[in-house]
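# Structural overview for review
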Amino acid sequence: LNKGEILGIAGVSGNGQPELAEVVTGLSHPDKGSVKLRGKEISSFDRKKRINEGISFIPEDRNTTGVCLSWSIEDNCIAGYQERFTGKLNTIDHKKSSSFAEGLIEKFKIKTPSEKLPISSLSGGNCQKVIVARETAFDPEVIVAAEPSRGVDIGAISAIHDHMMELRKNGTAILLISSSLDEIFELSDKIAVIYE
């Protein structure tokens, strides 16, 4: 996967797509093989270390791994990136996190009256926009996007796709894992098929 490129991974569900995403993002470690970033071996790095290396993750299942449904929209906007919002005494600076969440809500046109509401109050498409907004907010070097538009309406799909193309244009490398061939063909520079 090269800088400024979208590599689409196509294939029938159940052929290792979630495992590939987890290994690349640091949620699990490979039994064999390796993960390298800029030629540097990072297979032993955990998720937090990979976030710091610039690898972000838009997970396949937004409700179980993308967000914490009992948290506010604001808290979900900084999930995984809390250290960037800590103030004195190593606690969250809520003024800073609230302002950040408001900015994401405005930029991504997330329909909500307040960032303080629980994220469970959002529609599926708006919830997905929160995840995409959070995972692309800090100029990641690599994005692993697993089923980024699954279960969202046409307007949200278009917004997510446009944003991914903009990121690609700005040099971000995107590993797109999707069971939608239309999505793969529309966005990918290169396509690989995962099988068994």
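Above this text sits the structure in question.
Below you will find a few notes about this structure. Bear in mind that the values here come from a model prediction, so they are computed numbers and not experimental data. (Residues numbered from 1 in each chain as written. Predicted model: local features only at pLDDT ≥ 70, side-chain atom pairs only at ≥ 80, totals over all residues. Heavy atoms only, no water.)

### Remarks on helix H7 (residues 154-169)
A turn of α-helix holds 3.6 residues, and therefore any two residues three or four places apart point the same way. For H7, built from 16 residues, the straight-helix expectation of 22 Å at 1.5 Å per residue is met to within 8% by its first-to-last C-alpha distance of 23 Å. For H7, the full list of buried residues reads Ala156, Ile160, His161, His163, Met164 and Leu167. An end-on view of H7 places all buried positions within 160 degrees of arc, on one side of the element. Residues of H7 that are exposed and point over 90 degrees away from its buried face: Ile154, Asp162 and Lys169. For H7, the secondary structure elements touched by its buried residues are strand E1 (6-10), helix H5 (94-107), helix H6 (124-136), strand E5 (142-146), strand E6 (173-177) and helix H8 (181-187). Looking at where H7 begins, the residue whose side-chain oxygen comes 3.1 Å from the main-chain nitrogen of Gly155 is Asp153. Positive backbone phi, approximately 105 degrees, marks Gly171, located one or two places after H7. (Helix = DSSP H or I, 4+ residues; strand = E, 2+ residues; numbered from the N terminus. Expected span 1.5 Å × (residues − 1). Buried < 20%, exposed > 50% of the residue type's maximum accessible area, 1.4 Å probe, protein only. Arc of directions from axis to C-beta. Contact = heavy atoms within 4.5 Å. Polar contact = N/O pair within 3.5 Å; in protein donor to acceptor, adjacent residues only side chain to side chain.)

### A look at the pattern of salt bridges
Tallied over the full model, the rule gives 11 salt bridges. Arg38 is paired through a salt bridge with Glu53; the nearest N and O atoms lie 3.0 Å apart. In this pair, Arg38 sits in the loop between strand E2 (36-37) and strand E3 (40-41) while Glu53 sits in the loop between helix H2 (47-52) and strand E4 (55-58), placing the two residues 15 residues apart along the sequence. Residue Arg38 is classed as exposed on the basis of its relative accessible area, which comes to 54%. Here Glu83 ties to Lys48 by a salt bridge, and the two come within 2.6 Å at their closest N and O atoms. (Salt bridge = Lys/Arg side-chain N within 4 Å of Asp/Glu carboxyl O.)

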